[in-house]
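Analysis of the macromolecular model
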Amino acid sequence: MQRWSAPSGSGYNGFQPEFNLDFGDLYRKLRSDFGPAARSKASELADIEKEIEDCDAELLWLQSHTMFLRTHRRHLGEYRQCLHSLMSPIRRLPNELTLRIFDYTCRINDLTSGKLKAMPALNISCVCSNWRNLARASPQLWSRIRINLTMMHIDRQGFDLLHMYLVSSQQSPLSFEILGEKLETLEPRQAALCAIVGACSDRWKELTVSQPTFFKVLTAQNPTNFPVLEELSISSFAFRLPGSLDRFQFAPKLHSLSILTFPLAKLPKSHFPWNQLNILTICSYSEEVKHLLDASSDLTELHFCEWADGWFKQTPSPILASSVQTLSLTVAAQTQPGSESLVDVIFASTTCPALTSLYIDRADVEDIYERPWPQENVLGFLNRSSCNLSTLSIKSVPLSDLDLIDILTRLPSLSHLTVDDTGVSYNSNGPITSQLIQSLHASRYNGKSLTSSILVPQLQSLSLVCSASAGVSDSDIMEVVSSRLYTGGSTYDSAIGMPFLRSVLLRFPNRDVSEEVYSSMKHLEKAGLRAVVITQGRVLS
């Protein structure tokens, strides 16, 4: 048998076999040698035993060396990974851009959640020393705080956490969300926490309070100076006295208010700076709203919410909201007994000649909404207002495709359209149907020739969420998109007198779609179109 030798050039100087294993000669002797000749092999046997011991020792050394090599290789891999990390693009970002990303991420820090991921400022500061230094040098990241008083798992350590956030925020203006369910009285720890927040009233920039009990404790020290307060949201409060908001009369930057109700008939007695408001959210409507609109002459955004404690009643004649540019309506299935429909009341009782954006959605999508769509009031509102509406968003509100088409024919200036049929029953009819899709086509055949569509001629952005709609053809949708596609250096098609579509978002939460039909979406960005298709949570393009 040939003896083992180390590979040429390997530099291996370890164990070398010395014994030549000639099995052919050994087998011959086994068949023929007996007596003294057999006993003469004793010394050879001793040499073999010694070489076996040498083999065992070498095996142990090789096993140890193999383990060392495997460990060294693992360490090399880890070192290589660290080098790749050291060279990663995120490390080449300037600190200014990194801080912009951090600022976007740290929208709110929920200190009572008990979860690190709900406190992004603290989470970021735990990644590495550089991020920690950046976070510590950015007080605005620590200044957005949410506290849920009825779900709080906060002890002495939790108060230390709040203290750490307040210290880290330095003198940055604070945004607080004090949330929780309705409580008649607060426990000592809850009241103590509210007292800490209340002591910072001169730094409040945004304040959201969900319950009157919380607000009472927050303002127990009767603060009256709010130099940086910009937004106040106390939308579950039904104020009954005209002076209820007078403590905020010295809030020179306050421009946004959200409340449930207010004694509007006595509004002239109020010292609240109504004339500063640009944004107002309120959960009631009656003839006295005129006093509010007169006092808030700079109001540009008006939001109405149909909450259970709200009250809505049509006025004898429409009220003029001359400066309102954005009107938002949030409807609900459960309302106060005797209250009229929010959509009915607003469209029958309001005129908005400066309106450019209209948003209608539903708060309780899971509940059954049975109020009929007030098509006549809507058309009357559009005719009275004679506004150049550029944005229309209708979500989770039942109206027929024909009603929607009728509305769209009266909005030649519309450029952004969003329709979401989530929570809408199609037993009767719904907004997103083949007829609606086909009527959005840029050109239609009238029996003689192709004509420009009269429906939404200025459309540049289309968003459809098809949750309940059935029978809508994927190919029809793609034909509409293709018919309005940007294809050249201009954003305007002079041949048919309309701008090109620039953005499309299609969502199908409850059904799969034809990937073959939408495959061309991947290439549309080259033609100037931002296109996204999402089916059952999966992004196709």
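Everything quoted here is computed from the prediction, not taken from an experiment.

For the rest of this paragraph, the subject is the packing of helix α13 (residues 375-385) against helix α14 (residues 401-408). Closest axis-to-axis distance for the α13/α14 pair is 11 Å, and the angle between their directions is 10°. Relative to α14, α13 is oriented roughly parallel. Residue-level contacts link Gln-375, Val-378, Leu-379 and Leu-382 of α13 to Asp-403, Asp-406 and Ile-407 of α14. A per-class count over the contact of α13 with α14 returns four nonpolar, one polar and two charged.

This paragraph deals with the pattern of salt bridges. Within the structure shown, the criterion is met by eight salt bridges. Here Lys-290 makes a salt bridge to Asp-294, at a shortest N to O gap of 3.0 Å. With Lys-290 and Asp-294 both in helix α11 (residues 289-295), this residue pair falls four residues apart, about one helical turn. According to the relative accessible area criterion, Lys-290 is partly exposed, its value standing at 46%. With a closest N to O distance of 3.0 Å, Arg-511 and Asp-474 form a salt bridge. Highlighted residues: Arg-511 in the loop between β22 (503-508) and α17 (515-518) and Asp-474 in helix α16 (residues 474-483), separated in sequence by 37 residues. For Arg-511, a relative accessible area of 24% corresponds to the partly exposed category. A relative accessible area of 10% places Asp-474 in the buried class.

A surface patch of nonpolar side chains, amounting to about 490 Å² of accessible area, comprises Leu-21, Phe-23, Leu-26, Tyr-27 and Leu-30. A residue is classified by how much of its surface remains accessible, and Leu-26, at 43% relative accessible area, is partly exposed.

On to the packing of helix α12 (residues 342-349) against α13, then. One way to put it is that α12 packs onto α13 with a least axis distance of 8 Å and a crossing angle of 30°. The pairing of α12 with α13 is recorded here as roughly parallel in orientation. The hand of the α12/α13 crossing is left-handed. Two secondary-structure elements touch here, α12 through Asp-344, Phe-347, Ala-348 and Ser-349 and α13 through Asn-377, Val-378, Phe-381 and Arg-384. Residue composition of the contact of α12 with α13, by class: four nonpolar, two polar and two charged.

Reading guide: rules and limits
Sequence order as written defines the numbering, with residues in each chain counted from 1. pLDDT decides what is reported in this predicted model: residues at 70 or higher carry local features, side-chain atom pairs at 80 or more are listed and counted, and totals for whole chains, interfaces and linings draw on all residues regardless. Calculation of side-chain values draws on the structure's entire complement of heavy atoms; hydrogens and water are dropped beforehand. Structural elements are reduced to axes, namely lines fitted to C-alpha atoms, with helices fitted over the stretch in contact, and the angle between N-to-C directions of any two is expressed from 0 to 180 degrees. Strands here are runs of E lasting at least two residues and helices are runs of H or I lasting at least four, both read from the DSSP assignment and numbered beginning at the N terminus. Our angle categories are set so that under 35 degrees counts as roughly parallel, over 145 as roughly antiparallel, 65 to 115 as roughly perpendicular, and the remainder as oblique. Residue contacts are counted whenever heavy atoms from the two residues lie within 4.5 Å of one another. Think of it as three bins: nonpolar holds Ala, Val, Leu, Ile, Met, Phe, Trp, Tyr, Cys and Pro, charged holds Asp, Glu, Lys and Arg, and polar takes everything else, Gly as well. The term salt bridge refers to a side-chain nitrogen of Lys or Arg lying within 4 Å of a carboxyl oxygen of Asp or Glu. With a 1.4 Å probe rolled over the protein chains alone, any residue whose accessible area is under 20% of its type maximum counts as buried; one over 50% counts as exposed, and the rest are partly exposed. Surface patches are defined over residues having more than 30% relative accessible area and no salt bridge, joining like charges when they lie within 9 Å and nonpolar side chains (Val, Leu, Ile, Met, Phe, Trp, Tyr) when within 5 Å. For the area figures, the Shrake-Rupley method with a 1.4 Å probe applies, and any residue is considered shielded solely by the protein chains shown. Crossing handedness is read from the near helix: turned anticlockwise from the far helix by less than a right angle, it gives a left-handed crossing, and turned clockwise, a right-handed one.

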